[in-house]
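Architecture and fold: a report
Spelled out from the first residue to the last, the chains are:
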Amino acid sequence: MLRVGNKAACLACRNLVSTNMGVRFRVPLQKLHPLSRAIHHRYSGNTNPQRPPHRTAARYFTSMSRLPMRPPKPPPGSGGRGHQQQRNFWVASLAARLLKLRYILLGSAVGGGYTAKKTYDEWKEMLPDFSEYNWVIPDFVWELSEQIDLDKLAKALPEIEEIAKLLPDFDKIGENFTFLKSLLSSGDCTVTGSPYFQNGKEALIIYFLDLLQEELLRTQLKYQRMLERLEKENKELRKVVLQKDDKGIHQRKVKKSLIDLYSEVLDILSDYDANYNTQDHLPRVVVVGDQSAGKTSVLEMIAQARIFPRGSGEMMTRSPVKVTLSEGPHHVAMFKDSGREFDLSKEEDLAALRHEIELRMRKSVKAGQTVSCETISLSVKGPGIQRMVLVDLPGVISTVTAGMASDTKETIFSISKAYMQNPNAIILCIQDGSVDAERSIVTDLVSQMDPQGKRTIFVLTKVDLAEKNLASPNRIQQIVEGKLFPMKALGYFAVVTGKGSSGESIDSIKDYEEEFFQNSRLLKDGMLKAHQVTTKNLSLAVSDCFWKMVRESVEQQADVFKASRFNLETEWKNNYPRLRELDRNELFEKAKNEILDEVISLSQVTPQHWEAILQKKLWERVSTHVIENIYLPAAQTMDSGTFNTTVDIKLKQWTDKQLPHKALEVAWETLQEEFARFMAEYKGKDQDDIFDKLKEAVKDESIKRHKWNERAMDSLRVIQHNALEDRSITDKPQWDAAIQFMEETLQSRLKDTESVIRDMVGPGWRQRWLNWMNRTPDQHIRNETKNELERLLKLHDEHTAYLANDEVTTVRKNLEGRGVEVDPVLIKDTWHQLYRRHFLQKALSHCNLCKRGFYYYQRHFVDSELECNDVVLFWRIQRMLVITANTLRQQLTNTEVRRLEKNVKEVLDDFGEDMEKKTHLITGRRVQLAEDLKKVREIQEKLEAFIEALHKEK
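Residues numbered from 1 in each chain as written. Predicted model: local features only at pLDDT ≥ 70, side-chain atom pairs only at ≥ 80, totals over all residues. Heavy atoms only, no water.

Observations concerning the overall build of the protein chain
As a reminder of what qualifies: What counts as a helix is a DSSP run of H or I of at least four residues, what counts as a strand is a run of E of at least two, and both are numbered from the N terminus. Only protein chains enter the area calculation, which uses a 1.4 Å probe; residues under 20% of their type maximum are buried, those over 50% are exposed, and those in between are partly exposed. A contact between two residues is defined here by any heavy atoms of the two lying within 4.5 Å. To be clear on the numbers: accessible area is Shrake-Rupley with a 1.4 Å probe, and residue cover counts the displayed protein chains and nothing else.
On a plain count of helices and strands, the protein chain comes out with 37 helices and nine strands. The 954 residues of the protein chain split such that 45% are buried. A separation of at least 24 residues holds for 80% of the contacts in the protein chain among residues at least 6 apart in sequence. As displayed, the protein chain has an accessible area near 51700 Å², and 51% of this comes from carbon and sulfur atoms.

A look at unusual backbone geometry
The phi angle at Gln 304 is positive, at roughly 65 degrees, despite the residue not being glycine. Within the secondary structure, Gln 304 is located in the loop between α14 (295–303) and β2 (321–327).

Topic: the side chain of Glu 743
You can see Glu 743 is positioned in helix α29 (residues 732–761). Of the residues examined, Glu 743 reaches a relative accessible area of 18% and is grouped as buried. Those residues in contact with Glu 743 that sit more than four places away from it in its chain are Leu 844, Cys 847, Asn 848 and Lys 851.

Focus on the state of the cysteines
In plain terms, the rule: Here, the term disulfide refers to a pair of cysteine sulfur atoms separated by no more than 2.5 Å.
For the structure on display, the rule yields one disulfide. Covalent S-S linkage joins Cys 850 and Cys 868, the inter-sulfur distance amounting to 2.0 Å. Across the disulfide from Cys 850 to Cys 868, rotation about the S-S bond amounts to roughly -100 degrees, and the bridge is consequently left-handed. Separated by 18 residues along the polypeptide, Cys 850 in helix α33 (residues 824–850) and Cys 868 in the loop between α34 (854–858) and α35 (869–913) bring together distant segments of the chain.

Examining the packing of helix α24 (residues 607–635) against α35
What counts is decided by this rule: Fitting a line to C-alpha atoms yields each axis, with helices limited to the stretch in contact; the angle taken between N-to-C directions then spans 0 to 180 degrees. When an angle is under 35 degrees it counts as roughly parallel; over 145 it counts as roughly antiparallel; between 65 and 115 it counts as roughly perpendicular; any other value is oblique. Crossing handedness: left-handed means the near helix sits turned counterclockwise from the far one by under a right angle, and right-handed means the same turn made clockwise. Classification used: nonpolar for Ala, Val, Leu, Ile, Met, Phe, Trp, Tyr, Cys and Pro, charged for Asp, Glu, Lys and Arg, polar for all others including Gly.
The geometry of α24 relative to α35 is characterised by a closest axis approach of 8 Å and an angle of 140 degrees between their N-to-C directions. Between α24 and α35, the crossing angle belongs to the class labelled oblique. By crossing handedness, the relation of α24 to α35 is classed as right-handed. Counted by class, the contact of α24 with α35 contains 16 nonpolar, four polar and three charged residues.

Overview of the pairing of strand β1 (residues 285–289)
Cut-off, in case you're wondering: Between any two strands, at least two bridges found by DSSP are needed for them to pair.
The buried fraction of β1 amounts to five of the five residues, a majority that puts the element mostly inside the structure. Burial along β1 is two-sided: the residues Val 285, Val 287 and Gly 289 and Val 286 and Val 288 are all buried. Pairing geometry for β1 and strand β6 (residues 388–392), over three bridges, is parallel. Bridging from a neighbouring strand, Val 285 pairs with Leu 390 of β6.

Some points on the packing of aromatic side chains
Quick note on the threshold: Any two of the Phe, Tyr and Trp rings considered here, Trp counted by its six-membered ring, make a pair once their centres fall within 6.5 Å; the pair's planes then place it as stacked at under 30 degrees, edge-to-face at over 60, or tilted in between.
Counting across every chain of the model gives 16 aromatic pairs. For the ring pair Phe 458 and Tyr 492, a centre distance of 6.0 Å and an interplane angle of 55 degrees mean the geometry is tilted. Here Phe 458, found in strand β8 (residues 456–461), pairs with Tyr 492, found in strand β9 (residues 491–494); they are 34 residues apart in sequence, far enough to count as distant. By relative accessible area, which is 0% here, Phe 458 ends up buried. For the pair Tyr 631 and Phe 839, a centre-to-centre distance of 5.8 Å together with 55 degrees between the ring planes defines the contact as tilted.

Remarks on a nonpolar patch on the surface
The line we're drawing: Two distance rules govern patches: like charges are joined within 9 Å, and nonpolar side chains (Val, Leu, Ile, Met, Phe, Trp, Tyr) within 5 Å, applied only to residues with over 30% relative accessible area and no salt bridge. Just to be clear on terms, a salt bridge is a Lys or Arg side-chain nitrogen sitting within 4 Å of an Asp or Glu carboxyl oxygen.
Taken together, the side chains of Trp 765, Trp 769 and Leu 770 make up a nonpolar region of the molecular surface, amounting to roughly 470 Å² of accessible area. With respect to the helices and strands, the residue Trp 765 is situated in helix α30 (residues 765–771). Judged by its relative accessible area of 56%, Trp 765 falls in the exposed class.

Re the nonpolar core
Operational definition: Here, nonpolar core refers to any group of buried Ala, Val, Leu, Ile, Met, Phe, Trp, Tyr and Cys residues whose side-chain atoms link them within 4.5 Å.
Counting 100 residues, the largest nonpolar core has Tyr 631, Trp 654, Trp 735, Ile 877 and Val 904 as the members making the most contacts within it. Looking at this core element by element, the count peaks at 17 residues for α35.

Re the packing of helix α27 (residues 692–705) against α35
Between α27 and α35, the shortest axis-to-axis distance is 9 Å and the interhelical angle comes to 125 degrees. Relative to α35, the element α27 lies oblique. Crossing angle aside, the handedness with which α27 passes α35 is right-handed. Counting all contacts with α27, which are made through Leu 694, Ala 697, Val 698, Glu 701, Ser 702 and Arg 705, the residues of α35 involved are Leu 900, Asn 903, Val 904, Glu 906, Val 907, Leu 908, Asp 910 and Phe 911.

What to know about the confidence of the model for the protein chain
Note the following rule: pLDDT expresses, on a scale from 0 to 100, how confident the predictor is about each individual residue.
Of the residues in the protein chain, 70% reach a pLDDT of 70 or more, and the chain-wide mean stands at 76. Within the model, pLDDT remains below 50 along residues 187–198, and this stretch shows 20 contacts once partners closer than five positions in the same chain are excluded. A low-confidence stretch, residues 273–277 (pLDDT under 50), is modelled with five contacts involving residues beyond four sequence positions or located in other chains.

Below, the structure is given as structure tokens:
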């Protein structure tokens, strides 16, 4: 009898929402709460053996049963002939259905209490036999009986008195039936003073349906509170277990969670080269919405913490933020590239986390831009958090405002499309319910990327404001059901993310959200279903969809990477069979060692080599000044005393102002050239040419950073001044060396002067005849001027360096007499070069005479017409060059080489931390192929480990 009675109760439940009652939608049993399903399916398993499976988890998951809808009112004038034919049967039909509802309520309440009491035993019986897998289960599981009192857990289940509280008010229902019986027996279908009975029998049915619906809603709320209490106790129990595992009840190594393994794969893929043909099609939840639509608040409700920076109306999300959610004993957050844990239960850690996220966002944005495509990876763990991976994207904007880059709108669109075009990405479309739906931009964007809505979940936020502000609540129903705009979705949800104040906690928002929906007309009037409201239901649905998508696509993606790995390995074997697969970082380390070896080679340069190079380069730098500004003006004086005085004054001025600076410049340039020479010589020793750009950049940057020690300049000035003050030549070899130095210098200057004169006057007669060359008109004038000035020099061999004005006039008139018009400036310019050549020729002749003048020098040229003061000057210059080169060599070897080596190390360290710089300097197909191979192998290994863990979890 009990079995027959229960079958009848189940049948009555199925007929509760029969189409004969005028209810618009049938409520299938699979959409009831799991506890309600357990009551029905226990006795009616064969009633409908071909029940269709769940289509999507997002659409059917619920924490409360669906409420029956109020039947529509019949059109006016319809209560005539049709109802008159059933006049003798409607009373019996209504009474029968009401009795069925009574049995439903009684059976559901008693069955629900019985089921709740037996929950522990049923869960225990449903578990498989793990005796063959004891080695897999950690040791702490076998110690649970010692750590947890299961008797207390059993006592925590509801008692008979608590179950009795869940039963409906049968006295009230009995009074309703007595009232109905008296009303029907009287034959009058109109009750005075009650608006519900003004339309006869139909109004009477609607009245009792409203009463029953309110009673069912109260009963469901009681069940809901009971289930929430059980879920809270279960959450606390899981937290205790996880904490004991975290403290180390067992000594086994704790493996990474399933979601952590999956998140690592996504982190690697986020750094993958987008130009390569292997695309990232692994699932993740992409959160998109208009700016200030509340998408960040939805994400915070799912993560159960206020983790994101907030602003009033301004753009806060400036780059994608990947958040990996997982369950853990403590509510903490951590960045991928940092070891610091932020305790989300402490307000100071929450503030520090928000500040760090804001800093990372602003750092990722390049100069002149507003948003960045660089992803910030964050993991959040805590008790009761649903496992999934979400990506929060910058809010879609319609207008670029002041302070934004001109391409901000297009950049946000491109970032959003890049994430949504992944065919396995779940799109969480956030729509602000407090504003007109026509102003939304994101719905059109989502419709373009997922026109069939097979992977889109629509979320309407700020429903409390929408219900308060909208004149027609039916508009909210149209939005949630996707009828207001052409956007399809897997599921539609409505949530409340707070009252709008910044100081609200997650718990207070949850309480406010639950209170709002319990009292909202949207739920009571059937505009929204119970499974479509609250962020808790949303997070459960999104997590379920996420894992469903992961299970369906991850193995296919693993096969794609396996094929990609095979192709890359084949290409490497064919093109680089004798080379190791070194990625960019490994190649950089190899180049770094080579460069440091080359820098160390500078310390092996001999002192003689340093001094010879320094002396030569220093004389090349200062020779022009010495000849033009010191020697030539002094040599044109009439006696030796004036010559020496002029030389001493000019040498003193030169030493004080220019010479030390010139010497340090020469030393620094010499160090650079030697450094470059060693790097070039090392290149020939089987060096890989893939490092050329890197070495050149390191050399340039090191030289740019290197600053010569300026404190050595003062001591160098003193040394140079003392060297130039010394006039005592001690032996004949020094005298001969000075004459040789002077002769080489004068011959070099004479050669340069003759070259200048040839360019001025043009080719000679031999070149003109042999090479068929002609003079230009200007060269012809200069040649005539040269010939006239040479005749003047022959007449006045001791002429001074400058022409008098009358001499210039005489030369010009002589040239005009031969038909040559010439400018006085051209005459003086030509004279300067001719006199210079004449002077240098005489100085070389004098130099030959002074080769035998050391004896007279020792006697200070007493009783001798020979004076060799110019030889003494060149000896002083030569000695200064030797002493300066020696001083600079000591500073180079003792200080500057080591400082340069330190600079090179700093530059290499900086380059090593700058991935963009390394990518620019170490390039080529070989490098890219090695990079791709490394990443594909790593991704494949991570995916295989994840798939293995996924199968074990099944």
